[in-house]
Amino acid sequence: MRFLHTADWQMGMKATHTGEASEKVRAARLETLATLAAIAREQRVDFVLVAGDVFEDNGVDRVLIQKVVDRMNQFPVPVYVIPGNHDPLVPGSVWEHPAWKSAPLVHVLREAQAVEAPGGVLYPCPCFEKYSIHDPTQWISGRDPSRIAVGMAHGTVEGIQTEPDYPVPRDAAARAGLDYLALGHWHSYAAFPSPDGAARMAYSGTHETTKFGERDSGNALIVEIASPGAVPTLTPVRAGRLTWVVAERDLRQK
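Criteria and thresholds
Residues numbered from 1 in each chain as written. Predicted model: local features only at pLDDT ≥ 70, side-chain atom pairs only at ≥ 80, totals over all residues. Heavy atoms only, no water. Helix = DSSP H or I, 4+ residues; strand = E, 2+ residues; numbered from the N terminus. Buried < 20%, exposed > 50% of the residue type's maximum accessible area, 1.4 Å probe, protein only. Contact = heavy atoms within 4.5 Å. Areas by Shrake-Rupley, 256 points an atom, 1.4 Å probe, with all protein chains shown as cover. Lys, Arg positive; Asp, Glu negative; His and termini not counted. Charge placed at Lys NZ, Arg CZ, Asp CG, Glu CD. Pairing = 2+ DSSP bridges. Axes fitted to C-alpha atoms, helices over the stretch in contact; angles between N-to-C directions. Polar contact = N/O pair within 3.5 Å; in protein donor to acceptor, adjacent residues only side chain to side chain. 1 Å grid on protein atoms, 1.4 Å probe; cavity = no way out; pocket = protein on both sides within 12 Å on 5 of 7 lines; lining within 4 Å. Points joined across faces, edges and corners; volume = space filled by probe spheres on them. Nonpolar A, V, L, I, M, F, W, Y, C, P; charged D, E, K, R; others polar. Expected span 1.5 Å × (residues − 1). Bend = angle between axes of the 7 residues up to and from the residue.

Draft legend 1. Main features of the overall build of the chain. Within the chain, the secondary structure is distributed over 3 helices and 14 strands. Overall size of the chain, expressed as C-alpha extent along the three principal axes, is 70 × 45 × 40 Å. Relative to its full complement of 254 residues, the chain shows a buried share of 54%. Contacts in the chain between residues at least 24 apart in sequence constitute 71% of all its contacts with a sequence separation of at least 6. Put simply, the chain shows about 11800 Å² of open surface, and 51% of that area lies on carbon and sulfur atoms. If the 25 positive side-chain charges of the chain are averaged to one point and the 30 negative ones to another, these points end up 6 Å apart.

And the structure:
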């Protein structure tokens, strides 16, 4: 199994904190979907996972939803998406837009139940509210050990912050018997080793940097799993088009 893991596109983000560059930042978030599609094609992946927060919130312009779906239709392989905490599955959400019905390769996973995917099984954990103190992966159990099992969740890995926000235990992948757990919510790439030392869960980070201070954003992840129980190979791939530069000047008066 070989797939592309991405998350936190935050489409519709105003980017007012970037001042005059805000329009460029907003445009790049949409345009970079073409880069992700190209990566999926060049890397010959079996499918793409989007681990939540496709949109900044459920109140985004409905025309933008159509634009995003149109670009997702350009991916060469199936795309599996879960709602995140910014765009949770609630009445009137972005997921009710009719555009999704026109995207045969895009699968919005609306329930916490196993789904067939090329080469194995997916265990999606969609968000149904903006905030939660419950582990979204807790429901996963009883998976078939003869098949590659991949989870999708949107939340905060234990220890990153003190306040629980869709808390995900650091041993979530091992506890659930997953070969890999694709995470969204935090915007920089980060991998978390299981008790055996293998990195079976990771944040891909957002495809385009959203603000200064993000340690390692602007990436996607290529994940390869040779067989059930095999250690995943994680390869970060640069996706972002924009370069964020911090310039420091020493001003002196004579």
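Draft legend 2. Examining the side chain of Asp135 more closely. Within the element layout of this structure, Asp135 appears in the loop between strand E6 (120-125) and strand E7 (148-154). In contact with Asp135, not counting residues within four places along its chain, are Pro167, Val168, Pro169 and Arg175.

Draft legend 3. Focus on the sheet that holds strand E13 (residues 219-224). Strand order in the open sheet formed by 6 strands is E4-E3-E2-E1-E13-E14, and the pairing between neighbours is mixed. With partners counted over all chains shown, the strands left at the sheet margins are strand E4 (106-108) and strand E14 (233-238), one partner each. On average, each strand axis in the sheet is tilted by 25° relative to the strand beside it, whichever way the strands run. Relative to E14, E13 runs antiparallel, the two sharing 6 bridges. Counted as the bridge partner of Ile222 is Thr235 from E14.

Draft legend 4. Spatial organisation of the side chain of Ser217. Following the sequence through the fold, Ser217 ends up in the loop between strand E12 (199-203) and E13. Taking the relative accessible area as the measure of exposure, Ser217 reaches 5% and is therefore buried. For Ser217, the side chain forms a polar contact with the side chain of Thr209, separated by 2.8 Å. Residues in contact with Ser217, not counting those within four places in the same chain, are His187, Ser188, Thr206, Thr209 and Arg238.

Draft legend 5. Fine view of the sheet that holds strand E5 (residues 115-117). Read across the open sheet, the 6 strands follow the order E5-E6-E7-E10-E12-E11; overall the sheet is mixed. Of all strands in the sheet, those with a lone pairing partner are E5 and strand E11 (190-193), marking the two edges. If you compare each strand with its neighbour and ignore which way they point, the axes differ by 25° on average. In this structure, E11 lies alongside E12, joined through 4 bridges in antiparallel fashion. Bridge assignment links Pro193 to a residue of E12, and that residue is Ala199.

Draft legend 6. The arrangement of the layout of surface pockets in detail. The calculated volume of the largest pocket comes to roughly 470 Å³. Around the largest pocket sit 22 residues that line it, and His185, Trp186, His187, Lys211 and Glu214 are the ones nearest its centre. Of the residues contributing to the lining of the largest pocket, the split by class is 6 nonpolar, 9 polar and 7 charged. Along its surface, the second largest pocket is lined by 18 residues, and Met11, Gly12, Met13, Arg26 and Leu64 are the ones closest to its centre. Contributing elements (two or more residues each) for the lining of the second largest pocket: helix H1 (22-42) and helix H2 (62-72). A total of 5 residues in the lining of the second largest pocket trace back to one element, the largest contributor, which is H1. Taken together, the residues of the lining of the second largest pocket break down into 7 nonpolar, 3 polar and 8 charged.

Draft legend 7. Structural detail: H1. The end-to-end C-alpha separation of H1 is 30 Å, in line with the 30 Å expected for 21 residues at 1.5 Å each. Residue Arg29 marks the point of greatest curvature in H1, where the axis turns by about 30°. The set of residues buried in H1 consists of Ser22, Val25, Ala28, Arg29, Leu30, Thr32, Leu33, Leu36, Ala37, Ile39 and Ala40. Considering only its buried residues, H1 is in contact with strand E1 (2-6), strand E2 (47-50), H2, E13 and E14.

Draft legend 8. Summary view of the pairing of E13. Judged by how many residues are buried, E13 sits mostly within the fold: 5 of 6 residues are covered. Of the pairings in the sheet, the one linking E1 to E13 comprises 4 bridges and is antiparallel in character. Bridge pairing in E13 links Arg2 to Glu224.

Everything listed is a geometric property; what it means functionally is a separate question.
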